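Take a look at the letters that make up each chain.
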Amino acid sequence: MSDDERAIRDLVATWMAASKAGDQDTVLGLMTDDVVFMVPGREPFGKEAFAAASQGMQGMRIEGTSDIVELQVLGDWCPPFPGYHLYYPSRRQQSPAFALLAEALRYRGS
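For clarity, every value in this text was computed on a predicted model and none was experimentally measured.

Draft legend 1. The arrangement of the overall build of the chain in detail. Helix and strand content of the chain: four helices and zero strands. When its helices and strands are written in sequence order, the chain yields α-α-α-α. Counting only residues that meet the buried cut, the chain has 14% of its 110 residues in that class. Looking at the chain alone, contacts between residues at least 24 apart form 31% of all its contacts between residues at least 6 apart.

Draft legend 2. Examining helix α3 (residues 47-55) more closely. Of all the residues in α3, the buried ones are K47, F50, A51 and S54. Within α3, the buried residues cover an arc of 100 degrees as seen down the axis, which keeps them to one side. Those residues of α3 that are exposed and aimed more than 90 degrees away from the buried face are E48 and A52. In the core, the buried residues of α3 are packed alongside α1 (3-21) and α2 (24-29).

Draft legend 3. Region of interest: the confidence of the model for the chain. Looking at the chain, the pLDDT average stands at 83 and 85% of residues meet or exceed 70. When pLDDT is averaged over each element of the chain, α2 comes out on top at 92 and helix α4 (residues 96-106) at the bottom at 80.

Draft legend 4. Spatial organisation of the environment of A18. Position of A18 among the secondary structure elements: in helix α1. Along the sequence, A18 and L28 sit ten residues apart, while their C-alpha atoms lie 9.8 Å from each other. Beyond its immediate sequence surroundings of up to four residues, A18 is in contact with D23, T26 and V27.

Draft legend 5. A look at a nonpolar patch on the surface. On the surface, a nonpolar cluster with roughly 270 Å² of combined accessible area is contributed by M57, M60 and I62. Positionally, M60 belongs in the loop between α3 and α4.

Draft legend 6. A look at the nonpolar core. In terms of nonpolar packing, the biggest core is built from eight residues, these being A18, V27, L28, M31, F37, F45, F50 and A51. Sorting the residues of this core by element identifies α2 and α3 as the ones contributing at least two each. Leave out the neighbours within four places in its chain, and M31 touches W15, F37, K47 and F50.

Draft legend 7. Region of the structure containing the side chain of S19. Residue placement: S19 occurs in helix α1. Ignoring any residue separated from it by four or fewer positions in sequence, one finds S19 in contact with V27 and I62.

How each quantity is defined
- Residues numbered from 1 in each chain as written.
- Predicted model: local features only at pLDDT ≥ 70, side-chain atom pairs only at ≥ 80, totals over all residues.
- Heavy atoms only, no water.
- Helix = DSSP H or I, 4+ residues; strand = E, 2+ residues; numbered from the N terminus.
- Buried < 20%, exposed > 50% of the residue type's maximum accessible area, 1.4 Å probe, protein only.
- Contact = heavy atoms within 4.5 Å.
- Arc of directions from axis to C-beta.
- pLDDT = per-residue confidence, 0-100.
- Patch = residues over 30% accessible without salt bridge, like charges linked within 9 Å, V, L, I, M, F, W, Y side chains within 5 Å.
- Areas by Shrake-Rupley, 256 points an atom, 1.4 Å probe, with all protein chains shown as cover.
- Salt bridge = Lys/Arg side-chain N within 4 Å of Asp/Glu carboxyl O.
- Core = buried A, V, L, I, M, F, W, Y, C linked by side-chain atoms within 4.5 Å.

This is the structure in structure tokens:
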């Protein structure tokens, strides 16, 4: 397990233990000030709204489990391709700029 993976797992474990103990200060301390929560059925909200909602839940017992799964978001998003494909409808009326571009794309260096 990498250091990053261990740090993430430790943070989640701390969050879960603090939530179970009702330790709002520890939970809030794990968040940056610009944190954004996105949950189904609600507009995104930040740390202040989370703290206000947590105040209203004092005395409640919160238990949960976590399952951390690593997801690959983009991966190989730009597959290799054989080269450029250039189409110009007329060879007779090429501008000098287009001729230079076509020559640069055609150049293969040794």
